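Spelled out, the chains give:
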Amino acid sequence: MDAIALLIAASMNAGTLLALAALGLLINERAGIVNLGAEGMMLVAAVTGFATCVHTGNDWLAFAAGSLAGAALALVFGLLVIWLNTNQYAAGLALSLFGTGFSAFVGLKYTQEKLGPRPSFEIPGLADIPFIGPALFKQHPLVYGAILLMIGLIWFFYRSRAGLVLRSIGESPESAHALGYPVRKIRLAAVVAGGALCGLAGSYMSVIYTPLWVEGMVAGKGWIALALTTFATWRPARVLLGAYLFGFVTMLQFHLQGQGVEVASQFLSMLPYVSTIVVLVLISSNANFIRANMPASIGKPFFPGS
């Protein structure tokens, strides 16, 4: 039972960084923008957060620095695709490649650095409950923050006027523009907010989840986060559940190895990525279901006055 509780706790921890990034990308896509640069933003934020933590010793400053790095890269991306109408997919891929190379260059001096002892957290009283306590109530505050973020986005999208405007821009930017809404500014704000969350996910990975800096350490998790938005059919609650599912698959490989299961480590390592492909194939097999849930203007440029 203790091993299962630890597996659940590790799955939530691994799922949190996917959830933060995927919820950020969800905000982008609800506004009609596809950002394929999540991998690059997370890598730059990871090295930024790690470097900040090395020099200051403060985890929360590291999270703030990582979020700012992600937001800054997203701002550049947003200016390119929203104001200059460059191709969203090409710009996103360029951002991902830039982030991969830039983080590798900047992070050279930090590959041998180590962070101090990581703080431990628990909710008094609840953490002492057998099985449930170790599984759910000894997590980093950002694990619970991701859950609160999901709840906040549900309220924002479906209960607030601002969320309704954002979703209307994702469905029909021309109609929103005709009603007088600043479509480009709102889209840019959504892109920057999404970039900040991707940056938070990257810094969480290098400061808490790992914690260290290694070139390319995000290892495709930015792409998994991007796939999660489709997997969840653009719904915040499903994004969180999907993130925990993929976190469980990721941690299952270590659990099986620890239990002495004789399976090739290469096979276990590829499980999260195979799961992503299988889920996307199954969901994409029903094109009508995808069209019914996908924002209508996603990936399409907007030309004011057209």
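Before going into details, it helps to say that this report is about the structure given with it.

Criteria and thresholds
Residues numbered from 1 in each chain as written. Predicted model: local features only at pLDDT ≥ 70, side-chain atom pairs only at ≥ 80, totals over all residues. Heavy atoms only, no water. Helix = DSSP H or I, 4+ residues; strand = E, 2+ residues; numbered from the N terminus. Buried < 20%, exposed > 50% of the residue type's maximum accessible area, 1.4 Å probe, protein only. Expected span 1.5 Å × (residues − 1). Bend = angle between axes of the 7 residues up to and from the residue. Salt bridge = Lys/Arg side-chain N within 4 Å of Asp/Glu carboxyl O. Axes fitted to C-alpha atoms, helices over the stretch in contact; angles between N-to-C directions. Parallel < 35°, antiparallel > 145°, perpendicular 65-115°, else oblique. Left-handed = near helix turned anticlockwise from the far one by under 90°. Contact = heavy atoms within 4.5 Å. Nonpolar A, V, L, I, M, F, W, Y, C, P; charged D, E, K, R; others polar. Lys, Arg positive; Asp, Glu negative; His and termini not counted. Polar contact = N/O pair within 3.5 Å; in protein donor to acceptor, adjacent residues only side chain to side chain. Patch = residues over 30% accessible without salt bridge, like charges linked within 9 Å, V, L, I, M, F, W, Y side chains within 5 Å. Areas by Shrake-Rupley, 256 points an atom, 1.4 Å probe, with all protein chains shown as cover. Phe/Tyr/Trp six-rings, centres within 6.5 Å; stacked < 30°, edge-to-face > 60°. Arc of directions from axis to C-beta.

A separate point is the environment of Ser 269. Among the secondary structure elements, Ser 269 is positioned in helix 12 (residues 265-269). The partly exposed category is assigned to Ser 269, whose relative accessible area is 37%. In this structure, the C-alpha to C-alpha distance between Ser 269 and Leu 18, residues 251 residues apart in sequence, is 17 Å.

As a further point, take helix 1 (residues 2-30). With 29 residues, helix 1 extends 40 Å from end C-alpha to end C-alpha; this agrees with the ideal 42 Å at 1.5 Å per step. Most pronounced at Thr 16, the bend in helix 1 amounts to some 25°. With 23 of 29 residues buried, helix 1 lies mostly within the body of the structure. Immediately beyond the C-terminal end of helix 1, within one or two residues, lies Gly 32, with a positive phi of roughly 95°.

The next point concerns the pattern of salt bridges. Per the counting criterion, the structure on display carries one salt bridge. Measuring nitrogen to oxygen at the nearest pair gives 2.9 Å for the salt bridge that ties Asp 59 to Arg 118. Note that Asp 59 is positioned in helix 3 (residues 59-83) and Arg 118 in the loop between helix 4 (88-106) and helix 5 (132-136), a separation of 59 residues in sequence. Note on Asp 59: relative accessible area 9%, which makes it buried.

In this section: the packing of helix 1 against helix 6 (residues 141-159). At their nearest, the axes of helix 1 and helix 6 sit 9 Å apart, and the two run at 25° to each other. Regarding the angle of helix 1 to helix 6, the classification is roughly parallel. Between helix 1 and helix 6 the crossing geometry is left-handed. Here Met 12, Asn 13, Thr 16, Leu 20, Leu 23, Leu 26, Ile 27 and Arg 30 of helix 1 lie close against helix 6, whose contacting residues are Leu 142, Val 143, Ala 146, Leu 149, Met 150, Leu 153, Phe 157 and Tyr 158. Residues of the contact of helix 1 with helix 6, tallied by class, amount to 13 nonpolar, two polar and one charged.

Checked against the element boundaries, Arg 184 lands in helix 9 (residues 183-209). Of the side chains with opposite charge, Glu 174 lies nearest to the buried Arg 184, which makes no salt bridge, at 11 Å. One polar contact links the side chain of Arg 184 to the main-chain carbonyl oxygen of Ile 82, over a distance of 3.1 Å. With residues up to four places along the chain from it excluded, the contact list for Arg 184 reads Ile 82, Trp 83, Asn 85, Phe 302 and Pro 304.

What follows concerns a nonpolar patch on the surface. A grouping of Val 261, Val 263, Phe 267, Met 270, Tyr 273, Val 274, Val 278 and Leu 282 is seen on the molecular surface, where their side chains present a nonpolar patch of about 640 Å² in accessible area. The leading source of residues in the nonpolar patch is helix 13 (residues 271-284), at four residues. Examined against the element boundaries, Val 274 turns out to sit in helix 13.

Overall, the coordinates contain five aromatic pairs when judged by the stated rule. Between the aromatic rings of Phe 157 and Tyr 158, the centroid separation amounts to 6.2 Å while the plane-to-plane angle is 70°, which identifies the pairing as edge-to-face. Exposure remark for Phe 157: the relative accessible area of 0% places this residue in the buried category. Note on Phe 231 and Phe 246: the rings are 5.7 Å apart at their centroids and 75° apart in plane angle, and the pair reads as edge-to-face. Note that Phe 231 is positioned in helix 10 (residues 221-231) and Phe 246 in helix 11 (residues 236-258), a separation of 15 residues in sequence.

Moving on to helix 6. The end-to-end C-alpha distance of helix 6 is 26 Å, a good match for the 27 Å that 19 residues give at a rise of 1.5 Å each. All buried positions along helix 6 are accounted for by Leu 142, Val 143, Ala 146, Met 150, Leu 153 and Phe 157. Each buried residue of helix 6 sits inside an arc of 110° when the element is viewed along its axis, so together they form one side. Summarising the geometry of helix 6, the exposed residues directed more than 90 degrees from the buried face are Leu 148, Trp 155 and Arg 159.

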